[in-house]
Amino acid sequence: MSTTNRKHLLGLEGMSAEDLTRMLDTAESFKEVSERPVKKVPALRGTTIANLFFESSTRTRISFELAEKRLSADSVNFSVIGSSVSKGETLRDTAENIQAMKVDMIVIRHSAAGAPHFLAGLLEASVVNAGDGAHEHPTQGLLDMFTMRERWGSFAGRKVVIVGDVAHSRVARSNIHGLITMGAEVVVCGPPTLIPIDIEKLGVTVETDLRTALEDADAVNVLRIQLERQKAGLFPSVDEYARVWGINSDVLKRAKPDCVVMHPGPMNRGIEIAQDVADGDRSVILDQVTNGVAVRMAVLYLCNGGAAIESEETESAVDAKATKGKQVA
Ligand code: CP
């Protein structure tokens with residue numbers, strides 16, 4: 001299915017390079033909207049979007065909300081606290097009630113892998129996955145790729161190292177699917193208890209020594225260590241994790257001089273990433289956050305039937321397409 005008539009965004013697995021490129025190109029055009037004094041285009045005027053967050057979020061939630069406002073959509077926000085979920089209402093009933101209020105698009109974050117797929121099969125509305133369990137976080141994968149492409153132009157010949165708790169990371173999965181499709185080399189590295197068996201089948205290389213993994217890397221994507229994993233015995237101690245797997249300026253000497261450091265947030269400073277690296281010259285962590293708004297504008301616009309916008313199109317061409325809004329059924 002091409003991006004121009006994609007109704008849902010459930011994951012990056014199975015998306016073609018052409019589809020990924022169209023999404024990134026459209027995001028590139030929308031990025032400029034956030035630089036304007038009036039940060040708004042009418043692309044989603046008349047479209048109602050419900051943001052259903054069943055899990056905590058800072059970046060993704062605010063980013064989607066801003067993307068919706070900048071596209072002139074009407075949006076409503078749902079969180080578990082204060083909702084009827086706390087009275088035992090099911091996901092199905094919650095979603096069907098929201099759809100009964102004539103919502104056009106649903107953005108969902110849920111702790112259960114597959115929750116967005118369940119809603120996509122149930123509802124008429126477009127569904128966008130904002131993170132489902134340990135499965136996928138497709139808009140994070142896209143914004144990470146956008147941030148890399150902004151620096152490199154293309155992915156061919158580039159080496160991306162993903163470090164940390166790969167087994168429980170939806171960010172890692174979406175990055176792997178997208179980057180491999182776009183022709184990058186992907187190396188995963190972390191404690192063996194946090195690397196899934198058979199992950200090589202996704203096209204990545206596993207490296208258990210961090211210094212070897214970082215050799216000639218163009219980007220290192222540092223995953224958040226989920227501290228509850230220590231209680232489960234999946235790594236021995238936070239101090240040891242920081243010593244063996246933490247990204248600091250010394251270990252980064254192995255990477256290329258212009259290697260970028262990425263993190264999806266929220267960061268555990270001093271554990272998976274050293275303070276000076278998080279705030280240093282190589283860090284593009286806040287660029288990722290900035291780019292997240294443009295990427296989510298593109299995803300919402302395209303899933304609502306908007307016509308793809310090429311990266312080189314002018315400001316007035318973006319305005320013309322965004323004004324026309326839905327062009328593809
Ligand atoms: N990257 C990310 O998903 O952050 P939040 O949990 O704050 O949304």
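Since the model is a prediction, treat every value here as computed from it, not as a measurement.

### Focus: the overall build of the chain
So, point 1. Helix and strand counts for the chain stand at twelve helices and nine strands.
So, point 2. Taken along the three principal axes of its C-alpha coordinates, the chain extends 50 × 50 × 35 Å.
So, point 3. Put simply, the chain has 329 residues, and 53% of those count as buried.
So, point 4. The contacts of the chain with a sequence gap of at least 6 include a subset with a gap of at least 24, amounting to 73%.
So, point 5. For the chain, the accessible surface area stands at approximately 13,700 Å², while carbon and sulfur atoms represent 50% of it.
So, point 6. Averaged over its 37 positive side-chain charges, the chain has a centre that lies 4 Å from the centre of its 44 negative ones.

### Focus on the packing of aromatic side chains
So, point 1. All chains considered together, the criterion is met by four aromatic pairs.
So, point 2. Between the aromatic rings of Trp152 and Phe155, the centroid separation amounts to 6.4 Å while the plane-to-plane angle is 85°, which identifies the pairing as edge-to-face. By the burial criterion, Trp152 is buried, and Phe155 matches it.

### What about empty space enclosed by the protein?
So, point 1. This model, assessed by the stated rule, comprises one cavity of 30 Å³ or more.
So, point 2. When its volume is computed, the largest cavity comes out at roughly 80 Å³.
So, point 3. Taken together, Arg59, Ser63, Gln140, Leu143, His263, Pro264, Ile285, Gln288, Val289, Gly292 and Arg296 form the lining of the largest cavity.
So, point 4. Considering every element that reaches the lining of the largest cavity, the biggest residue donor is helix 11 (residues 285-303), with five residues.
So, point 5. Across the lining of the largest cavity, the residue classes break down as four nonpolar, five polar and two charged.

### What to know about the site of the ligand
So, point 1. Taken together, the neighbourhood of the ligand is formed by Ser57, Thr58, Arg59, Thr60, Arg109, His137, Gln140, Pro264 and Gly265.
So, point 2. Contacts to the ligand include Ser57, whose side-chain N or O atom sits 2.6 Å from an oxygen atom.
So, point 3. Considered on its own, the ligand offers 260 Å² of accessible surface; in the complex 91% of this is hidden by protein.
So, point 4. Placement of the ligand is best described as lying within the largest pocket.
So, point 5. Partitioning the shell around the ligand into residue classes produces one nonpolar, six polar and two charged.

### Details of helix 4 (residues 115-122)
So, point 1. Turning to helix 4, its buried residues number three or more, namely Ala115, Pro116, Leu119 and Ala120. The arc enclosing the buried residues of helix 4, seen along the axis, measures out at 140°, which places them on a common side.
So, point 2. In the core, the buried residues of helix 4 are packed alongside strand 1 (48-53), helix 3 (91-100), strand 3 (105-110) and strand 4 (126-132).

### Some details on the packing of helix 1 (residues 17-31) against helix 11
So, point 1. One can describe the packing of helix 1 onto helix 11 by two numbers: an axis separation of 8 Å at closest approach and a directional angle of 115°. Helix-helix and strand crossings are classified by hand; for helix 1 and helix 11 the assignment is right-handed. On helix 11, the residues touching Arg22, Met23, Thr26, Ala27, Phe30 and Lys31 of helix 1 are Thr290, Asn291, Ala294, Val295, Met297, Ala298, Val299, Tyr301 and Leu302.
So, point 2. For the contact of helix 1 with helix 11, the residue count by class is ten nonpolar, three polar and two charged.

### A few points about the pattern of salt bridges
So, point 1. By the definition in use, this model includes 18 salt bridges.
So, point 2. Between Asp218 and Arg158 there is a salt bridge, with the nearest N and O atoms lying 3.0 Å from each other. With Asp218 in the loop between helix 7 (210-214) and strand 8 (219-222) and Arg158 in the loop between helix 5 (138-152) and strand 5 (159-163), the pair connects residues that are 60 residues apart, well separated along the chain.
So, point 3. A relative accessible area of 2% places Asp218 in the buried class.
So, point 4. Overall, the relative accessible area of 21% leaves Arg158 in the partly exposed class.

Rules used in this analysis
- Every chain is numbered independently, its residues counted from 1 as its sequence is written.
- Predicted model: local features are reported for residues with pLDDT of at least 70 only, side-chain atom pairs are reported and counted for 80 or more only, and whole-chain, interface and lining totals are derived from all residues.
- As a convention, hydrogens and water are excluded, and side-chain values are obtained from all of the structure's heavy atoms.
- Elements are defined by DSSP. Helices are runs of H or I of four residues or more, strands are runs of E of two residues or more, and each kind is numbered from the N terminus.
- Any residue under 20% of the maximum accessible area for its type is buried, any over 50% is exposed, and the rest in between are partly exposed; the area is computed with a 1.4 Å probe on protein chains only.
- Whether two residues are in contact is decided by their heavy atoms: any pair within 4.5 Å suffices.
- Per-residue and other accessible areas were derived by the Shrake-Rupley procedure at a 1.4 Å probe size, with only the shown protein chains allowed to occlude residues.
- The positive count covers Lys and Arg only, the negative count covers Asp and Glu only, and His and the chain ends enter neither.
- Note that the charge is assigned to NZ on lysines, CZ on arginines, CG on aspartates and CD on glutamates.
- Two rings from Phe, Tyr or Trp (for Trp, the six-membered ring) form a pair when their centres sit within 6.5 Å of each other. Planes less than 30 degrees apart are called stacked, planes more than 60 degrees apart edge-to-face, and all others tilted.
- Residues are said to line a cavity or pocket when one of their atoms sits within 4 Å of a point; the points come from a 1 Å grid over protein atoms alone, cavities being sets where a 1.4 Å probe fits but cannot get out and pockets being open sets with protein on both sides within 12 Å along at least five of seven lines.
- Grid points are joined across faces, edges and corners, and a volume is the space filled by probe spheres set on the points.
- Put simply, Ala, Val, Leu, Ile, Met, Phe, Trp, Tyr, Cys and Pro go in the nonpolar bin, Asp, Glu, Lys and Arg in the charged bin, and everything else, Gly too, in the polar bin.
- Residues are classed as near a molecule or strand on a simple rule: at least one heavy atom within 4 Å of it.
- Here a polar contact means two N or O atoms within 3.5 Å. Within protein one must be a hydrogen donor candidate and the other an acceptor candidate, and residues neighboring in sequence count only if both atoms are side-chain atoms.
- Here the criterion for a molecule occupying a pocket or cavity is that more than half of its atoms lie within 2 Å of the pocket grid points.
- Think of it as the arc spanned by the lines of direction from the helix axis to the C-beta atoms.
- In this description, a line fitted to the C-alpha atoms serves as the axis of each element, helices being fitted only across the stretch in contact, and the angle between N-to-C directions of two axes falls anywhere from 0 to 180 degrees.
- Note on convention: near helix rotated counterclockwise from far helix by under a right angle means a left-handed crossing. Clockwise means right-handed.
- Any Lys or Arg side-chain nitrogen found within 4 Å of a carboxyl oxygen on Asp or Glu counts as a salt bridge.

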